[in-house]
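The chain contents come next:
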Amino acid sequence: DQQVKQNSPSLSVQEGRISILNCDYTNSMFDYFLWYKKYPAEGPTFLISISSIKDKNEDGRFTVFLNKSAKHLSLHIVPSQPGDSAVYFCATSYDKVIFGPGTSLSVIP
Amino acid sequence: EAGVAQSPRYKIIEKRQSVAFWCNPISGHATLYWYQQILGQGPKLLIQFQNNGVVDDSQLPKDRFSAERLKGVDSTLKIQPAKLEDSAVYLCASSLFAGPANTGELFFGEGSRLTVL
């Protein structure tokens with residue numbers, strides 16, 4: 001059963017525009033929600049997180065929004081840069097960290 | 001600060017052979033994880049250690065996979081015998097905390113890519 005879903009396998013955005021990556025989850029018990037970024041041939045790296053008691057967290061160009069009633073979170077990247085091209089994994093944490101299938105973002109110069 | 005170290009980076013074996021992967025976590029990190037990432041999918045947790053005890057191994061195929069964490073520091077993951085469907089990247093990660101104090105921030109190694117022919 002997929003507890004964390006990312007329904008868009010890929011996304012293409014023009015440099016300078018906003019990238020919006022979406023994630024849905026099923027378990028209301030999750031404490032933290034995270035986004036990881038992965039470049040080819042490297043391990044995932046932590047990008048940004050949000051506690052279940054908040055609805056927004058911002059870090060520079062990256063903002064994560066949490067909608068608990070809809071069990072939905074999103075990652076906004078503004079402005080998008082070519083170096084942001086990577087696979088982005090949504091993840092949730094309760095007693096263990098569960099990852100979604102990922103969305104491959106391409107930022108076109 | 002040194003990151004999570006893994007070896008080997010790449011391994012090619014034939015089915016029914018055995019393979020072992022090694023991981024050295026970040027110094028002081030109590031929790032160590034092994035994830036399996038099949039191409040096109042997200043990382044799937046195989047086993048989670050806290051110090052040298054197993055916290056979760058519910059998704060580890062125990063008939064062929066085994067893992068240990070010696071003295072609560074480095075860890076090995078073994079597959080014997082390997083199947084074609086074991087072809088994947090095996091990611092090791094560590095975190096400072098586990099359980100309720102774990103915010104989910106994991107530090108990953110570069111991974112070990114296994115190809116089973």
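Scroll up a little and you will see the structure.
Cut-off values and rules
- Residues numbered from 1 in each chain as written.
- Chains lettered and ligands numbered in written order.
- Predicted model: local features only at pLDDT ≥ 70, side-chain atom pairs only at ≥ 80, totals over all residues.
- Heavy atoms only, no water.
- Contact = heavy atoms within 4.5 Å.
- Buried area = accessible area lost by both parts, 1.4 Å probe.
- Salt bridge = Lys/Arg side-chain N within 4 Å of Asp/Glu carboxyl O.
- Helix = DSSP H or I, 4+ residues; strand = E, 2+ residues; numbered from the N terminus.
- Nonpolar A, V, L, I, M, F, W, Y, C, P; charged D, E, K, R; others polar.
- Pairing = 2+ DSSP bridges.
- Patch = residues over 30% accessible without salt bridge, like charges linked within 9 Å, V, L, I, M, F, W, Y side chains within 5 Å.
- Areas by Shrake-Rupley, 256 points an atom, 1.4 Å probe, with all protein chains shown as cover.
- Buried < 20%, exposed > 50% of the residue type's maximum accessible area, 1.4 Å probe, protein only.

Draft legend 1. Local environment of the interface of chain A and chain B. If you look at the interface, chain A gives 18 residues, while chain B gives 21 residues. Interface area, chain A with chain B, both sides summed: about 1500 Å², of which 53% is carbon and sulfur. When the buried surface of chain A facing chain B is broken down by residue, A:K96, A:V97 and A:F99 rank first, second and third, together holding 30% of it. Residues B:D56 and A:K96 are paired through a salt bridge, measuring 3.1 Å at the closest nitrogen-oxygen approach. Elements with a minimum of two residues in the side of chain A that touches chain B: strand 4 (32-38), strand 9 (86-93) and strand 10 (97-99) of chain A. A total of 4 residues in the side of chain A that touches chain B trace back to one element, the largest contributor, which is strand 4 of chain A. Residues of the side of chain A that touches chain B, tallied by class, amount to 11 nonpolar, 3 polar and 4 charged.

Draft legend 2. Up close: the pairing of strand 7 (residues 62-67) of chain A. All names here are of chain A. The pairing of strand 6 (residues 56-59) with strand 7 spans 4 bridges and is classified as antiparallel. Within strand 7, the residue paired with N57 across the bridge is V64. What sits between strand 6 and strand 7 in their antiparallel hairpin is a turn of 2 residues, with G60 showing a positive phi close to 65 degrees. Bridge count for strand 7 against strand 8 (residues 72-77) is 6 bridges, and the pairing is antiparallel. Directly across from T63, in strand 8, lies its bridge partner H76. Linkage of strand 7 to strand 8, two consecutive antiparallel strands, is achieved through a turn of 4 residues, within which K71 is found at a positive phi near 55 degrees.

Draft legend 3. Region of interest: a nonpolar patch on the surface. Residue and element names in this part refer to chain A. The grouping of I18, I20 and V78 at the surface amounts to a nonpolar patch, some 230 Å² of accessible area in total. By the element assignment, I20 lies in strand 3 (residues 19-25). In this structure I20 comes out as partly exposed when scored by relative accessible area, which is 39%.

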